[in-house]
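Chain residues, written in single-letter form:
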Amino acid sequence: MSRRRDGIARRPAASALVEDLARRHRAGEIVLLDALHAIQDRKGHLPRRDLEALSDRARIPLAVLHGTASFYPNFRTQGPPPRVQIRVCTSLPCHLAGSRRLLEGLRASCGSDPRVEVRGCQCLGLCDRAPAVALNGKPEGPANADAVLAAIAEGRVPRAARPKRTPSPSLARVRRSGGYAVLERVRKGEWDASGIVAAIKASGLRGMGGAGFPTGMKWEFVLREGATPKYAVCNADESEVGTFKDRAFLEHSPHEVLEGLLVAATVIRAREAVLYLREEYLSARANVARALAELRKAGLLDAGPPIRVVVGAGAYICGEETAMFESIEGRRPEPRLRPPYPATVGLWGKPTLIQNVETLVRVPQILRRGPEWYRGQGRNGSAGLKRFAVSGQVARPGWYDAPLGIPAGELVRDHGGGLRDGRSMKALFTGGLASGFLSEDGLSTPMDFDALVRAGAALGSGGVIAVDSSVCAVDLSENCLDFFAHESCGKCTPCRVGTEKLLRMVRALQADGAALDSGAVDDLAETMIDASICGLGTTAPVAFRQALARFPEEFEAHARGRCPTGWCGR
Ligand SMILES: Cc1cc2nc3c(=O)[nH]c(=O)nc-3n(C[C@H](O)[C@H](O)[C@H](O)COP(=O)(O)O)c2cc1C
Ligand code: SF4
Ligand code: FES
């Protein structure tokens, strides 16, 4: 806040836009993220004077506002953007597809042009089209340097990323095939909450966002809570590396997601249903917006709790449920200490049911077709269906619906088309980087929660990334640690310092042959696993330690100055 000559603080001038946003924020119509997006959409960045005015009018301390806005990679608080911002994804599937060369090439070509900014970034959710780039916020792929440079030279780079619709079934078509019939029956009271919970429990449905918690039990916990109001949240922030299956649901079947969310909100008698959506998913955002407009027009939103859509701003940690609540509430999205769990103290401090997109999609399907139908979809003793995102060095990257329990190797061969060039498997990540990986000898493992844990991996988000034998285990470790170090929110020391230290150790080995101190690695990793606040810190060292245990000779070769596969170019 500026000061007059007599030292008295002067209220900052506010534009009409900021006045309006502050008013709507005070009235609870919008959350802080909405206001920040609106300013950035209009101005291209977040000017200091607008933040000061918003702080003043919305009565949010400026330090809180700055701390929050500057946390998110997609908000620009350091002045206006250059004409073209190029972000090149360097996360594993894109790395395997040559994103490092792409990034270096673009830097070399554009480095001297002040109107162009070239940066690396983490997963853009387009891993099936690797290597992916974002041009002024619009993700595309597979990208190559010549095409990007031509787009810039010919002025074909959009000024800003705008949500754009892609074909998805209309409400009329969805309803003709039985869509929203379950919601209507629930609203009419034809199913009571205990019957619904019993059906979900009988189906064996577990959370598809990462942790695999039994869904029926979670609904029961929230229903049991006496405190009100309650909230239902759909976690559509999907940012785990190699994971794009929620994008597919949101783009191709937004009504299935919305029906699942509305059923959940109705059953727990939520005051509000919130869908927290990843910013980069432009088509998903447009298709969800259209689906909501159709529902509103058809009167299907008149009964039951309202739906609020909140758009994230590029921080992976917002997918962690308690960080998401902080984000929606307008604070820095740092995970909370648990317990209490969200079922008791969640969004706005109230009992909250938070589920992944895919989990919610399954609920109306189970209620419509019966829990036995869902259970029967599985194989090898597993219950249910899973949408897998398959990427990396496979012939046919993409998303595939398959039975839970399908052997990992079969999924890669029959759906992903097998490894390219007939190579053997070095590492198959089964649920994003956080899951750890299977080696060639583990490919008969059923893709299911418990079987994968027994094999030292995890189903996690179902983001399957295939890495073939040409890749060096040291480079693989570097890439995984780089992601976690970048995305650590920094709240707790074991994760903030541990991810950085492990990354530095691997980089020193890769660059200078500095041998790893395996005792120090173990100490750091154990501390991270024991003492980190959230799952990011506890899973960050997993893949690195597996690589070290399974391919020790590759780490030793690097310490002698040689990359054993030639992948690292030395
Ligand atoms: C670092 C981190 C990131 C996460 N990201 C996501 C995510 O993008 N989407 C998601 O559904 N769950 C994510 N989760 C899991 C959520 O915290 C939560 O368990 C999930 O939304 C619950 O829904 P479910 O039971 O349907 O899986 C993440 C967890 C952690 C620790
Ligand atoms: S474990 Fe990492 S991401 Fe999680 S709270 Fe701690 S610092 Fe933040
Ligand atoms: S888009 Fe690059 S790894 Fe996902």
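See the structure above.
The structure presented is a predicted model; accordingly, all values stated were derived computationally and were not measured. (Residues numbered from 1 in each chain as written. Chains lettered and ligands numbered in written order. Predicted model: local features only at pLDDT ≥ 70, side-chain atom pairs only at ≥ 80, totals over all residues. Heavy atoms only, no water.)

Draft legend 1. Representation of the site of ligand 2. Around ligand 2, a shell composed of 13 residues is seen, among which Cys489, Lys491, Cys492, Cys495 and Cys534 lie nearest. A class-by-class count of the residues in the shell around ligand 2 yields eight nonpolar, four polar and one charged. (Near = heavy atom within 4 Å. Nonpolar A, V, L, I, M, F, W, Y, C, P; charged D, E, K, R; others polar.)

Draft legend 2. Inspection of the sheet that holds strand E5 (residues 231-236) at higher detail. Pairing is parallel in the open sheet, where four strands are placed in the order E7-E6-E5-E8. Both edges of this open sheet fall to strand E7 (307-311) and strand E8 (352-356), since each of them pairs with a single strand only. In this sheet, adjacent strand axes meet at a mean angle of 20° when their direction is disregarded. Strands in contact with helix H14 (residues 282-297) are strand E6 (272-277) and E7; relative to E7, the strand with the most contacts, it is inclined by about 165°. (Pairing = 2+ DSSP bridges. Helix = DSSP H or I, 4+ residues; strand = E, 2+ residues; numbered from the N terminus. Axes fitted to C-alpha atoms, helices over the stretch in contact; angles between N-to-C directions. Contact = heavy atoms within 4.5 Å.)

Draft legend 3. View of the sheet that holds strand E1 (residues 84-89). Spatially, the four strands line up as an open sheet ordered E2-E1-E3-E4, and their pairing is mixed. Only two strands of the sheet have a single partner each, and these edge strands are strand E2 (116-121) and strand E4 (138-140). Across this sheet, the average inter-strand angle for adjacent strands is 25°, counted without regard to direction.

Draft legend 4. Molecular detail of the site of ligand 1. In the vicinity of ligand 1 there are 19 residues, among which Gly209, Asn235, Gln355, Asn356 and Thr359 approach most closely. Contact between ligand 1 and glycine 209: an oxygen atom at 2.7 Å from a main-chain N or O atom of the residue. Expressed as a share of its isolated accessible area of 610 Å², the protein-covered part of ligand 1 is 90%. Only E8 and helix H23 (535-539) provide two or more residues apiece to the shell around ligand 1. Top element by residues in the shell around ligand 1 is E8. It accounts for three residues. (Polar contact = N/O pair within 3.5 Å; in protein donor to acceptor, adjacent residues only side chain to side chain. Areas by Shrake-Rupley, 256 points an atom, 1.4 Å probe, with all protein chains shown as cover.)

Draft legend 5. View of the packing of helix H1 (residues 16-26) against helix H2 (residues 32-43). Two elements in contact, H1 and H2, have axes whose closest approach is 10 Å; the angle formed by their N-to-C orientations is 165°. Judged on the interaxial angle alone, H2 and H1 are roughly antiparallel. In this structure, H1 meets H2 at a crossing whose hand is right-handed. Of the residues in H2, those in contact with Leu17, Val18, Leu21 and His25 of H1 are Leu32, Ala35, Ala38, Ile39 and Arg42. In the contact of H1 with H2, the residues fall into seven nonpolar, one polar and one charged. (Parallel < 35°, antiparallel > 145°, perpendicular 65-115°, else oblique. Left-handed = near helix turned anticlockwise from the far one by under 90°.)

Draft legend 6. Region of the structure containing the state of the cysteines. This structure, assessed with the given rule, holds zero disulfides. Among the cysteines around cysteine 234, which has no disulfide bond, cysteine 318 carries the closest sulfur, lying 15 Å off. Summary of cysteine pairing: cysteine 480 is not part of a disulfide, and the nearest cysteine sulfur, belonging to cysteine 472, is at 12 Å. Since its relative accessible area comes to 2%, cysteine 480 is described here as buried. (Disulfide = S-S within 2.5 Å. Buried < 20%, exposed > 50% of the residue type's maximum accessible area, 1.4 Å probe, protein only.)

Draft legend 7. Representation of the side chain of aspartate 475 within the structure. Counting through the fold element by element, aspartate 475 comes out in helix H20 (residues 473-487). Within the structure, the side chain of aspartate 475 is placed 3.1 Å from the side chain of arginine 100, a separation counted as a polar contact. The contacts of aspartate 475, once residues within four sequence positions are left out, are His95, Arg100, Gln510, Trp567 and Cys568.

Draft legend 8. Expanded view of the nonpolar core. Core analysis: the largest hydrophobic core is formed by 155 residues, its most contacted members being Leu54, Trp219 and Phe429. Not counting the four nearest positions on each side in its chain, tryptophan 219 is found in contact with Ile196, Val197, Ile200, Val263, Ala264, Val267, Leu353, Gln355 and Val363. Counting residues in hydrophobic clusters, the runner-up holds 16 residues, among them Leu102, Leu106, Ala143 and Val148. (Core = buried A, V, L, I, M, F, W, Y, C linked by side-chain atoms within 4.5 Å.)

Draft legend 9. Molecular detail of the pattern of salt bridges. Tallying each qualifying case throughout the model produces 46 salt bridges. The partner of arginine 379 in a salt bridge is glutamate 410, with the nearest N and O atoms 2.8 Å apart. Highlighted residues: arginine 379 in the loop between helix H17 (371-376) and strand E9 (385-392) and glutamate 410 in helix H18 (residues 408-415), separated in sequence by 31 residues. A relative accessible area of 32% means that arginine 379 is categorised as partly exposed. A network of salt bridges, in which partner residues are shared, links Lys245, Asp246, Glu358, Arg362 and Lys386. (Salt bridge = Lys/Arg side-chain N within 4 Å of Asp/Glu carboxyl O.)

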